[in-house]
Amino acid sequence: MTTLPSTQERVLNANNHPLPSTWKQTIALIWSGQAASILATCAATFAALWYITTSENSATMLAAGGIAALLPTALLSPFGGVVADKCNRKWVMILADGIAGVFSFILALLVLTGSLSTWLLLVLLAIRSTAQAFHGTSLMALMPELVSADNMVRINTLDQTLTSASAIVGPVLGIALYTALGFAAVLILDAVCAALACLCLGFAKLPYAKSEHPATQGVFADLKQSLSLINAEAGIKPLLVLVMLAMLLFLPLGTLSPLMTYNWFGGDGFAASAIEAAAGIGLLLGSVVMLIWGGGKRLVPILIVSGLCIGAGCILAGLLPKSGFLIFVLLIALIFAATAAFNAPILPLMQKRIPQEYFGRVMGIFGSLTALASPLGLCIAGPGAEVFGVNRWFVFCGALLCFCMICALFSSSLRKLDTPE
């Protein structure tokens, strides 16, 4: 039976439910499992893409691997949100982790028997991405039930910190295991860590894992209702537009940074990897700062100021001379540190305005729209950088992002997200 604190010391979660006295231990238990699973997933994904690279030597197949790893999450997140509001979120996450882990184990057996094909690997990446659409939305919907309102920025940043740290360490671990022990070892590690995540979730006491008001309509009716909620809440619309614009303008620049390194600065593969490392370190440091600070009471200014810093950093990066590579590395680290600060307030701002029973569905739609903005931005950024030059494209996108953030300053409905309802 869950022990609740006494009336004098009772702590309420972000949805105003009494938190168990062991809530901090619960968070430590859940995120220990998640940390292992995320790290192993990054390692397995990188190893899978490397396997495709070495076995197929085809840009088309590698692109197919990237699409398989990203597109299902973007397309299916709204449905994942509906499931998160209909079902017990704890068991949705266990099922998602379990399916991904079982499939990794099956692929490991196929590798050991020499029966693996590239198409089966693409299926693995697609299944992982599909599982993430349901796992991620359930975790986001569960977060407000795990901590108090003043810790929402910290819990969101903790999740981001684990993801960014895994993005740095995961590929190194994946290629090290791949080289030393073979691809099967990476897949077995992935399966074991998925099982560990399931065990941690299984032992965690989560009294509010299931919505008190589960959705009862059809899937598409639920999605329509969630869109109506986004449309009805004045502050959420500009927040959604602002995040989508940031994804549209900024994320493609990360994809173009190796081209910037090679074409403008004349760097090699080592220089390009230094940029990736700088981005990961910056994201991690920014996440740690937000985790310690917590964001304070006013979150919209953090969002806008960090967005301005990202835009300004991109402008400066595009204006650097060809001898300024070291400054470019530093700017990339600062830009991604600001990105961590930009991401941290989004979930807490949403949680303030969206009713708890609809939170999973709305976050699923929100996540899907923002995720789709990135490939759309790539479709624009690729030809744009070809025509104008990649360095000028950095300046253009940075300036446009700064303009969007300045416009956001004049949005009264966005500013009101910081005020109590």
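Report follows, based on the coordinates. What you see is a predicted model, and the numbers here were worked out from it, not measured in a lab.

All right, on to empty space enclosed by the protein then. Tallied over the full model, the rule gives two cavities of 30 Å³ or more. Each pocket or cavity is described by its volume, and for the second largest cavity that value is around 50 Å³. For the second largest cavity, the full set of lining residues is Phe-250, Leu-253, Gly-254, Ser-257, Cys-314, Ile-332, Ile-335, Phe-336 and Phe-394. Contributing elements (two or more residues each) for the lining of the second largest cavity: helix 8 (236-264) and helix 11 (325-343). With four residues, helix 8 is the largest single contributor of residues to the lining of the second largest cavity. Its residues assigned to classes, the lining of the second largest cavity comprises seven nonpolar, two polar and no charged.

Reported here for the second largest pocket is a volume of approximately 550 Å³. Residue assignment for the lining of the second largest pocket shows that the elements contributing at least two residues are helix 5 (152-181) and helix 12 (346-353). Top element by residues in the lining of the second largest pocket is helix 12. It accounts for four residues. Its residues assigned to classes, the lining of the second largest pocket comprises eight nonpolar, seven polar and seven charged.

Next up on the list: the packing of aromatic side chains. Tallied over the entire structure, the rule returns nine aromatic pairs. When the ring of Tyr-178 is compared with that of Phe-183, the centres are 5.7 Å apart and the planes differ by 45°; the resulting orientation is tilted. Since its relative accessible area comes to 5%, Phe-183 is described here as buried. On the basis of an interplanar angle of 35° and a centroid distance of 4.9 Å, the ring pair of Phe-265 and Phe-328 is categorised as tilted. In this pair, Phe-265 sits in the loop between helix 8 and helix 9 (269-293) while Phe-328 sits in helix 11, placing the two residues 63 residues apart along the sequence. Looking at Phe-265, the relative accessible area reads 11%, which means it is buried. Overall, Phe-328 belongs to the buried group, its relative accessible area being 0%. Three or more aromatic residues link up through ring pairs in this structure, and these residues are Phe-265, Phe-325, Phe-328 and Phe-394.

Next up on the list: the nonpolar core. In globular proteins that are soluble, nonpolar side chains generally tend to be buried together. Core analysis: the biggest nonpolar cluster contains 87 residues, and Trp-31, Leu-239, Phe-328 and Met-350 have the highest contact counts within it. Not counting residues up to four positions away in its chain, the partners in contact with Trp-31 are Leu-139, Met-143, Leu-146, Ile-155, Leu-158, Asp-159 and Leu-162. Core analysis: the second largest hydrophobic core is formed by 21 residues, Ala-47, Met-61, Leu-125 and Val-186 among them.

This part covers helix 13 (residues 359-388). Relative to the 44 Å expected for 30 residues at 1.5 Å per residue, helix 13 spans 42 Å between its end C-alpha atoms, a close match to the ideal helical length. Of the residues flanking the end of helix 13, it is Gly-389, one or two places downstream, whose phi is positive at about 100°.

Our next topic: helix 6 (residues 183-203). In this model, helix 6 (21 residues) spans 31 Å end to end at C-alpha, consistent with the 30 Å of a helix rising 1.5 Å per residue. Those residues of helix 6 that fall on the buried side of the exposure criterion are Phe-183, Ala-184, Val-186, Leu-187, Asp-190, Ala-191, Cys-193, Ala-194, Ala-197, Cys-198, Cys-200 and Leu-201. For helix 6, the elements touching its buried residues are helix 1 (23-56), helix 3 (89-112), helix 4 (118-146) and helix 5.

This part covers the pattern of salt bridges. Any two side chains of opposite charge can pair, so long as their charged atoms come close to each other. One pass over the full model with this rule turns up one salt bridge. The partner of Arg-128 in a salt bridge is Asp-190, and the shortest N-O contact between them spans 2.5 Å. Note that Arg-128 is positioned in helix 4 and Asp-190 in helix 6, a separation of 62 residues in sequence. Both residues of the pair, Arg-128 and Asp-190, count as buried.

Procedures and definitions
- Residues numbered from 1 in each chain as written.
- Predicted model: local features only at pLDDT ≥ 70, side-chain atom pairs only at ≥ 80, totals over all residues.
- Heavy atoms only, no water.
- 1 Å grid on protein atoms, 1.4 Å probe; cavity = no way out; pocket = protein on both sides within 12 Å on 5 of 7 lines; lining within 4 Å.
- Points joined across faces, edges and corners; volume = space filled by probe spheres on them.
- Helix = DSSP H or I, 4+ residues; strand = E, 2+ residues; numbered from the N terminus.
- Nonpolar A, V, L, I, M, F, W, Y, C, P; charged D, E, K, R; others polar.
- Phe/Tyr/Trp six-rings, centres within 6.5 Å; stacked < 30°, edge-to-face > 60°.
- Buried < 20%, exposed > 50% of the residue type's maximum accessible area, 1.4 Å probe, protein only.
- Core = buried A, V, L, I, M, F, W, Y, C linked by side-chain atoms within 4.5 Å.
- Contact = heavy atoms within 4.5 Å.
- Expected span 1.5 Å × (residues − 1).
- Salt bridge = Lys/Arg side-chain N within 4 Å of Asp/Glu carboxyl O.

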